[in-house]
Amino acid sequence: MEKSRSSFTGKIGFVLAAAGSAVGLGNIWRFPYLAAQYGGGIFLLVYLLLAITFGFALMCTEIAIGRKTGQSAINAYGKLNKKFSFIGWFGAVVPAIILPYYSVIGGWVTKYMTVYVKGDVAAAAGDSYFGNFVSNTGPSIGYFLLFLGVTAIIVLLGVEKGIEKVSKFMMPILIALTIFIAIYSMTLPGAMEGVKYYIIPNFDGFTLGKLGKTLLAAMGQLFYSMSLAMGIMITYGSYMKKEVSIEKSVRQIELFDTGIAFLAGLMVIPAVFAFSGGEADVGKGPSLMFVMLPKVFEFMGPVAGRIVGILFFLLVLFAALTSSISLMETVVSIIMDKTGWKRKVTCVVVFLGSVIIGLPSALGFGVLSDIKPLGLDDILTFFDFISNSVIMPIVALLTCIFVGYVLKPKALIEEIEIGGKFKAKTLFTVVIKYIAPVFITLILVSSVLDAFGIMKL
Ligand code: PHE
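Thresholds, definitions, all that
- Residues numbered from 1 in each chain as written.
- Predicted model: local features only at pLDDT ≥ 70, side-chain atom pairs only at ≥ 80, totals over all residues.
- Heavy atoms only, no water.
- Helix = DSSP H or I, 4+ residues; strand = E, 2+ residues; numbered from the N terminus.
- Rg over C-alpha atoms; globule rule 2.2 N^0.38 Å.
- Buried < 20%, exposed > 50% of the residue type's maximum accessible area, 1.4 Å probe, protein only.
- Contact = heavy atoms within 4.5 Å.
- Areas by Shrake-Rupley, 256 points an atom, 1.4 Å probe, with all protein chains shown as cover.
- Lys, Arg positive; Asp, Glu negative; His and termini not counted.
- Charge placed at Lys NZ, Arg CZ, Asp CG, Glu CD.
- Core = buried A, V, L, I, M, F, W, Y, C linked by side-chain atoms within 4.5 Å.
- Axes fitted to C-alpha atoms, helices over the stretch in contact; angles between N-to-C directions.
- Parallel < 35°, antiparallel > 145°, perpendicular 65-115°, else oblique.
- Left-handed = near helix turned anticlockwise from the far one by under 90°.
- Nonpolar A, V, L, I, M, F, W, Y, C, P; charged D, E, K, R; others polar.
- Expected span 1.5 Å × (residues − 1).
- Bend = angle between axes of the 7 residues up to and from the residue.
- Near = heavy atom within 4 Å.
- Polar contact = N/O pair within 3.5 Å; in protein donor to acceptor, adjacent residues only side chain to side chain.
- Salt bridge = Lys/Arg side-chain N within 4 Å of Asp/Glu carboxyl O.
- Phe/Tyr/Trp six-rings, centres within 6.5 Å; stacked < 30°, edge-to-face > 60°.
- Lys NZ or Arg CZ within 6 Å of the ring centre and 35° of its normal.

**Remarks on the overall build of the protein**
- Across its full length, the protein holds 19 helices and 0 strands.
- The C-alpha radius of gyration of the protein comes to 21 Å, within 12% of the 23 Å expected for a compact globule of 457 residues.
- Across its three principal directions, the C-alpha atoms of the protein cover 55 × 50 × 40 Å.
- Looking at the protein as a whole, 58% of its 457 residues qualify as buried.
- Expressed as a percentage of contacts within the protein between residues at least 6 apart in sequence, the contacts between residues at least 24 apart total 82%.
- Of the roughly 17,900 Å² of accessible surface on the protein, 69% is carried by carbon and sulfur atoms.
- Between the centroid of the 36 positive side chains of the protein and the centroid of its 25 negative side chains there is a distance of 9 Å.

**Section: unusual backbone geometry**
- Its identity as a non-glycine residue notwithstanding, Ser 227 has a phi of 55°, on the positive side.
- If you trace the backbone, Ser 227 turns up in the loop between helix 11 (208-225) and helix 12 (232-238).
- A positive phi is found at Lys 408, a non-glycine position, where the angle reads about 80°.
- Topologically, Lys 408 is positioned in the loop between helix 17 (379-407) and helix 18 (409-417).
- On the basis of relative accessibility, which here comes to 42%, the residue Lys 408 falls in the partly exposed class.

**Notes on the nonpolar core**
- Ranked by internal contacts, the top residues of the largest apolar core, which has 163 residues, are Trp 29, Trp 108, Phe 290, Phe 297, Phe 312 and Phe 313.
- Tallying contributions element by element places helix 3 (residues 41-69) first for this core, with 16 residues.

**Describing the packing of helix 2 (residues 25-37) against helix 13 (residues 246-275)**
- For the pair helix 2 and helix 13, the least separation of the axes is 8 Å and the interaxial angle reads 60°. Here helix 2 lies oblique to helix 13, going by the angle between them. For the pair helix 2 and helix 13, the crossing hand works out as right-handed. Contact residues: helix 2 offers Asn 27, Ile 28, Phe 31, Pro 32, Ala 35 and Ala 36, while helix 13 offers Asp 257, Ile 260, Ala 261, Phe 262, Ala 264, Gly 265, Met 267, Val 268 and Ile 269.
- Residue composition of the contact of helix 2 with helix 13, by class: 12 nonpolar, 2 polar and 1 charged.

**A short note on helix 3**
- Here helix 3 is 29 residues long and its end C-alpha atoms lie 40 Å apart, about the 42 Å a rise of 1.5 Å per residue gives.
- Largest kink in helix 3: about 45°, centred on Ala 51.
- Burial of helix 3 is extensive: 23 of the 29 residues sit out of reach of the surface.
- Just past helix 3, the residue Gly 70 takes up positive phi, approximately 65°.

**Describing the site of the ligand**
- With respect to spatial proximity, 15 residues lie near the ligand, and among them Ala 22, Gly 26, Tyr 102, Tyr 224 and Ile 232 are the closest.
- In the model, an oxygen atom of the ligand is placed 2.8 Å from a nitrogen or oxygen of the Gly 26 main chain.
- Out of a free accessible area of 320 Å², the ligand has 100% covered by protein chains.
- Every element with two or more residues in the shell around the ligand is listed here: helix 1 (10-22), helix 2, helix 11 and helix 15 (302-339).
- In terms of residue class, the shell around the ligand is built from 7 nonpolar, 8 polar and no charged.

**Description of the pattern of salt bridges**
- For the structure shown, the criterion picks out 8 salt bridges.
- Two residues, Glu 417 and Lys 425, come together in a salt bridge whose shortest N-O distance is 3.4 Å.
- Several salt bridges share partner residues, and in doing so they unite Arg 67, Lys 242 and Glu 415 into one network.

**Things to note about the packing of aromatic side chains**
- Summed over all chains, the structure comprises 33 aromatic pairs.
- Between Phe 54 and Phe 439 the ring centres are 5.5 Å apart and the planes differ by 70°, which places this aromatic pair in the edge-to-face class. One end of the pair, Phe 54, is in helix 3; the other, Phe 439, is in helix 19 (residues 425-451), and 385 residues separate them in sequence.
- Grouped by ring-pair contacts, the aromatic residues Trp 108, Tyr 112, Tyr 116, Tyr 129, Phe 130, Phe 290, Phe 297, Phe 312, Phe 313 and Phe 365 constitute a single cluster.
- Its guanidinium or amino end placed over the ring of Tyr 224, Arg 30 lies 4.9 Å from that ring's centre, counting from NZ or CZ.
- Looking at Arg 251, its charged tip hangs above the ring of Phe 56, at a distance of 4.1 Å from the centre.

Shown next, in the form of structure tokens:
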């Protein structure tokens, strides 16, 4: 079924919409805890290197595929080459896995917003506050359903535009507040150790095994944060006008997305050193932001801490919502296209499916905390690992092989050059044809062997 596609109004419209999907919990919640866990400065360095090579090349690829074909992911690969339409299907699985557990974290953000509205500034800063909350069955399920339900209602009513408008206005405030909190965090007593840990790479005791794990984590984070390797940027590209420069837009989105992630790290990691056991506490995982920021807010005093707390979690909630909406919208529109179901029915089905898939993640810190799939810490981390560290690298690898050797980079370079000269085309070609495929294969194989206990890194 061929639908006429509306276009983004001009260049800034595209960049803002893509940035709205890209900026979310990945930047604010996920990036800081990974950076803390994987050696601080080393992770940051590896991430930046990957962003300007892999991230750049892949985002250009996806947007160019979308604009060239005028189709969303599922149909786009098929239109370029019938035999490769399975890549689109493979990528489509990713948002379906991410949405449920994304909503669990969205629920945590919602919970913390209510905590600050109530004014429990000191209580929230307590060491066991977060642990008590997530291990309590009722509230963990309740907030998860609330966040997922709100996302579903927005997608059902088709009022995303309204949310996007509000969020365009909220995004700059979020950035300003993040800068403020980051500066405050850095000036806390003892925080400088954390700043150093985060910014300066320290290679002492760094082994090949650790490098492999750091690379995989950074690569998964890159895909996740930039909404790559799951077809979303292909869909955005299909709405992009021909005269807009893909190269420039990609640079802007990357700068935006990486800038916010970097600031989020500056907000959280110095606090780990100021308030807790420093390096002993960097491995706190998914809970890190929810444990550390309340301590920073408490230090601001009851009134200021409460105001900053409300504002911060409210803004993060909006950033999370624009991302969860884009995740759910993707799943809903694929199902609608393929089954011909009505939007309402599809939304209800996707909502219920996400409840079922998401419940184990929501309960994985309480009644199900003994379940540690693949030896990972909890069920949420398992889903996170499967999507970001297994399926997304596979989709990226297949995309590179397809573009590099079947379609040929030239086809996409021509598409990109419609909107102006493609300055980094050599980098693009080399990354897509050689560096990315070899690299992703190496990292993927070694990490899967490691996860299944066949080879210890
Ligand atoms: N990029 C989003 C984030 O960083 C997550 C996301 C991925 C959203 C894919 C939509 C699609 O939070």
